[in-house]
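The primary structure of each chain is shown beneath.
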Amino acid sequence: MRLATLCLPLVLGVAAALAGCAAYGDEIEPEPATPTPARPAPRPVAVTVRRPDGGSTPLREWRGSSHIHTGHSHDSWGTLGEITLAGLRTGRDFVILTEHNNGATQDWAGQHGPLLVVAGTEISTDFGHMIVLGTNERHHVHGLTPQEYIEAAHAVGGVAYLAHPNPWGRRGWEDWSLIEGVDGLEVVNMYTDLLDQGAAILTRGFVQQFIGGRPGSRAMAIDPGGMLETYDRMTRSGRRLTLLSGSNAHGPIHVAGGEIASYEAMFHIAGLRLFAPRLAERDLIAAIRDGRAYVGYDGEAPADGFRLLATSGDVVETMGGWLPLHEEGVMIRATSPAASRCTIVLFRNGEEIARIDDARRLERTVTEPGVYRVECRLDGDPWVLANPVYVGTPPDRRLDRWKSAREGR
Ligand SMILES: [Zn+2]
Ligand SMILES: [Zn+2]
């Protein structure tokens, strides 16, 4: 056990270093730039959603990384300076800090130049780890049940979601009946995924980078197949749940005069896109709660600019939205990041219903109620994992939806 604890971060580090150097080693100036105070760059409106009640909201795409540890966690030595620098170098708009069982980084929350720092907590419950955001608490009460943490977060407008819940991996979630109202799942958690698949990733990275001539970072696009199946099973009965990623970055490991698994390398591999009117903590938390998000594997290629648009009569929605179903159906249109060619796949309740290769766009009119989500793939690797739109019955977070999903599997 102790040997594994010592060795596995090394595997992760080498893999992350492999990914990082290959992909952007030539593009970044070696001298760190000091973050300079500046207002966030204005982002264009990505989509204006129009709800059934007639209200509308313009949403912008914000790029960030979530689930990050610093020296305020027992297993990290990272600093805020390292994180903000990595955030600026990788074009993040936001980073979400999640210290183990404390909110000590609340002092750092706020705008740091163009980078918004959100400070939350990763709570170790008896059943697994849970990310809580928006409570602004420095010291969390220990020993509550997952359900109590969820309710406490919701009571103050925060969110609670499961970190690395992968039930067959390390530190997975153990009892899925105690999470009524939970807001989401880390379908992708880079650190634990790497620990679970480190050897395979190293092999794949070596083959891709040194034999195939492709960026080694592509090896890090780990297909979360099993977790996606779990996600689909949980949502297919109409239970609202946000599909999320976590870097679980712990900062650089210094080895032989160099460093591996830096924040920058981890941020580069994959990131979370949130759609919100403004770059502000409350808006980003609402985007997580509402599922206005997608996961992008930037190690494959920059994953900015993916769009999912769904229309039903006057209602216009994007990821996380709900649309009523009329006779003419709901038109779903997915556009690849930067309008690049890729394979685009549309799922209904976890079943593939449409696929188009070497394309920039997929359009399909659907006439059945269901939970519709989209993936983009490059050469078979995951590139974009998008949150679904809900067609027909409005989704909710009640447990009975989840229970019926479990019984139906
Ligand atoms: Zn954890
Ligand atoms: Zn963690």
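Cut-offs used in this document
Residues numbered from 1 in each chain as written. Chains lettered and ligands numbered in written order. Predicted model: local features only at pLDDT ≥ 70, side-chain atom pairs only at ≥ 80, totals over all residues. Helix = DSSP H or I, 4+ residues; strand = E, 2+ residues; numbered from the N terminus. Buried ≥ 20, exposed ≤ 12 C-beta atoms within 10 Å, placed from the backbone. Contact = placed C-beta atoms within 7 Å. pLDDT = per-residue confidence, 0-100.

Looking at the overall build of the chain
Right, on to step 1. On a plain count of helices and strands, the chain comes out with 8 helices and 23 strands.
Right, on to step 2. By residue count, 52% of the 409 residues in the chain fall in the buried class.
Right, on to step 3. A fraction of 67% describes how many contacts in the chain between residues 6 or more apart in sequence connect residues 24 or more apart.

So, the confidence of the model for the chain
Right, on to step 1. Mean pLDDT over the chain: 86, with 85% of residues reaching 70 or higher.
Right, on to step 2. Here residues 1-10 is modelled with pLDDT under 50, and outside its nearest four sequence neighbours on either side it reaches 3 contacts, counting other chains as well.
Right, on to step 3. In this model residues 17-33 is a low-confidence stretch, pLDDT under 50, and it forms 30 contacts with partners more than four residues away in sequence or in other chains.

Notes on unusual backbone geometry
A negative phi angle is the norm for most residues apart from glycine, just as the trans form is the norm for most peptide bonds.
Right, on to step 1. Look at Asn101: it is not a glycine, yet its phi comes out positive at around 60°.
Right, on to step 2. Looking at the element boundaries, Asn101 is found in the loop between strand S3 (94-100) and strand S4 (110-112).
Right, on to step 3. Notably, Ala338 is not glycine yet its phi reads approximately 50°, a positive angle.
Right, on to step 4. With respect to the helices and strands, the residue Ala338 is situated in the loop between strand S17 (330-335) and strand S18 (342-348).

Concerning the environment of Ala286
Right, on to step 1. With respect to the helices and strands, the residue Ala286 is situated in helix H7 (residues 281-290).
Right, on to step 2. For Ala286, a count of 18 C-beta atoms within 10 Å translates into the label partly exposed.
Right, on to step 3. On a C-alpha basis, the gap between Ala286 and Ala276 in space is 7.9 Å, while along the polypeptide they are 10 residues apart.

What to know about H7
Right, on to step 1. Burial analysis of H7 places 7 of its 10 residues in the buried class, which makes it a mostly covered element.
Right, on to step 2. Along H7, the positions that sit buried rather than exposed are Glu281, Leu284, Ile285, Ala287, Ile288, Arg289 and Asp290.
Right, on to step 3. Positive phi shows up at Gly291, right after H7, with a value of about 75°.

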